[in-house]
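# Fold and contact review
One-letter residues, chain by chain:
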Amino acid sequence: MTSSYSQAAQIARDYYNSEDADNFYFHIWGGEDIHIGIYETPDDDVALASRRTTTLLADALGTLPTTARILDIGSGYGGSTRALAKRFGCSVTALNLSERENARNRAATAQAGLAHLIDVVDGSFEAMPFEPASFDAVWSIDALLHSDKRNAVLAEAYRVLKPGGQLIFTDPMESGQCTAAQLAPVLARIHLDSMGSFENYSRAAQALGFETLQTRDLTPHLIRHYARIREDLIANAPSLEGKVSQPFIANALAGLDHWVRAGNAGCLAWGIQHFRKPS
C-alpha cells in the first residue's frame, strides 16, 4: 500500500522499482551488495570491496547465538542478509521498500539454500511492521539517506530492539564543513534537503537512550567507491544496451561525478556507527 510511505520513501521506492535502476544496480553496482565498499587498493573489484564492508560490520556485532534475530533495514538485494545468515546461522529479516529488489532477494536466497533462515518483508523502515523488543540486532548499510525522517528510523530501531540489542549502520552523510549550495547537487540526487551526519546521528541515538559502542570514520572509501562505480559504468555501458536507457546512464554518470566532487571537496562523510540499547 503506497499510503504507508512518506513522500521521500515513495520517491526511493519508485526509483529502485524502475527497470533502469534495477538493471544498473544489479549489473554495475554488484547485484549482491549495493553499498559503499572498503578498498585496500584503488582498483579493487567493487564486489570484493563491498563485501569487506559487510564483514567489518559483522565482526563488530561479535558472537551471536543461532537463536538471535537480526533485522536488516533497507536490505536491497539481500547480500548482507545472506551473509549474516551464513555467518551466525540465525534468523534474519530483510525489510526493504522495493518489491523488484525483494523479488531478486527471495530468488537469490532460495538459490543459496537460506530461505529457512531469511524472511524478506516489503515495507519502510520509517514505520517497521514488527512488535517491540523483537530483534537482537538492527543492521543497515547505506540506506538511511533515503529518508527525511532519520530520527524516526532510529526511534523505530530502538523500539524493535530487545534490551541489550545492537544497532549498527553506515550511511553516506554530510561532513558539516560545506554550505548548502556545495551540497545541492548531491541532495538533488536523493531528492532531499539534508543528509545525516556523525554528530546528528549520535545526538539522536543518545537522546533515545542508546549507548555508543563505536563511531568510525571511513570517508576516503566513499570517494573511492563512487569513482570506481563511475569507471565501471563507463567501461560496461555498451553491455547495458537494451537493459538501461541512455538518459539514465548519462544521469547516473553526472550524479556519480557530483558525489566524487563533493567528497573531494570535504563535504561528505561515511563510516560505522554502532549503538546498544541498555539492558
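Let us look at the structure shown here. (Residues numbered from 1 in each chain as written. Predicted model: local features only at pLDDT ≥ 70, side-chain atom pairs only at ≥ 80, totals over all residues. Heavy atoms only, no water.)

## Here we look at the nonpolar core
Formed by 64 residues in total, the largest nonpolar core has its most connected members in Phe24, Ile70, Trp139 and Leu233. For Phe24, the residues in contact, after removing those within four places along its chain, are Trp29, Ile229, Leu233, Val244 and Phe248. One finds Val121, Met128, Ala157 and Leu161 within the second-largest nonpolar core, a separate group that totals 26 residues. (Core = buried A, V, L, I, M, F, W, Y, C linked by side-chain atoms within 4.5 Å. Buried < 20%, exposed > 50% of the residue type's maximum accessible area, 1.4 Å probe, protein only. Contact = heavy atoms within 4.5 Å.)

## Let's talk about the pattern of salt bridges
One pass over the structure, following the stated rule, counts 18 salt bridges. Here Asp33 makes a salt bridge to Arg51, at a shortest N to O gap of 2.9 Å. Here Asp33 is found in the loop between helix H2 (19–27) and helix H3 (46–61), whereas its partner Arg51 is found in helix H3, with 18 residues between them in sequence. A relative accessible area of 29% means that Arg51 is categorised as partly exposed. Where salt bridges share partners, they join Glu32, Asp33, Arg51 and Arg82 into one cluster. (Salt bridge = Lys/Arg side-chain N within 4 Å of Asp/Glu carboxyl O. Helix = DSSP H or I, 4+ residues; strand = E, 2+ residues; numbered from the N terminus.)

## Observations concerning the packing of helix H7 (residues 180–190) against helix H10 (residues 246–264)
Between H7 and H10, the least distance of the axes is 9 Å, while the angle of their chain directions is 135°. With respect to H10, the element H7 is oriented oblique. Here H7 and H10 pass one another in a crossing that is left-handed. Residues Pro185, Val186, Arg189 and Ile190 of H7 touch H10, and the partners they reach there are Asn251, Ala252, Gly255, His258, Trp259 and Ala262. Class assignment of the residues belonging to the contact of H7 with H10 gives a composition of 6 nonpolar, 3 polar and 1 charged. (Axes fitted to C-alpha atoms, helices over the stretch in contact; angles between N-to-C directions. Parallel < 35°, antiparallel > 145°, perpendicular 65-115°, else oblique. Left-handed = near helix turned anticlockwise from the far one by under 90°. Nonpolar A, V, L, I, M, F, W, Y, C, P; charged D, E, K, R; others polar.)

## Remarks on helix H9 (residues 219–236)
Compared with the 26 Å implied by 1.5 Å per residue over 18 residues, the 26 Å span of H9 between its first and last C-alpha is a close match. Within the sequence span of H9, burial applies to Thr219, His221, Leu222, Ile223, His225, Tyr226, Ala227, Arg228, Ile229, Asp232 and Leu233. Looking at the buried positions of H9, the neighbouring elements they touch are H2, H3, strand S7 (211–217), H10 and strand S8 (268–269). (Expected span 1.5 Å × (residues − 1).)

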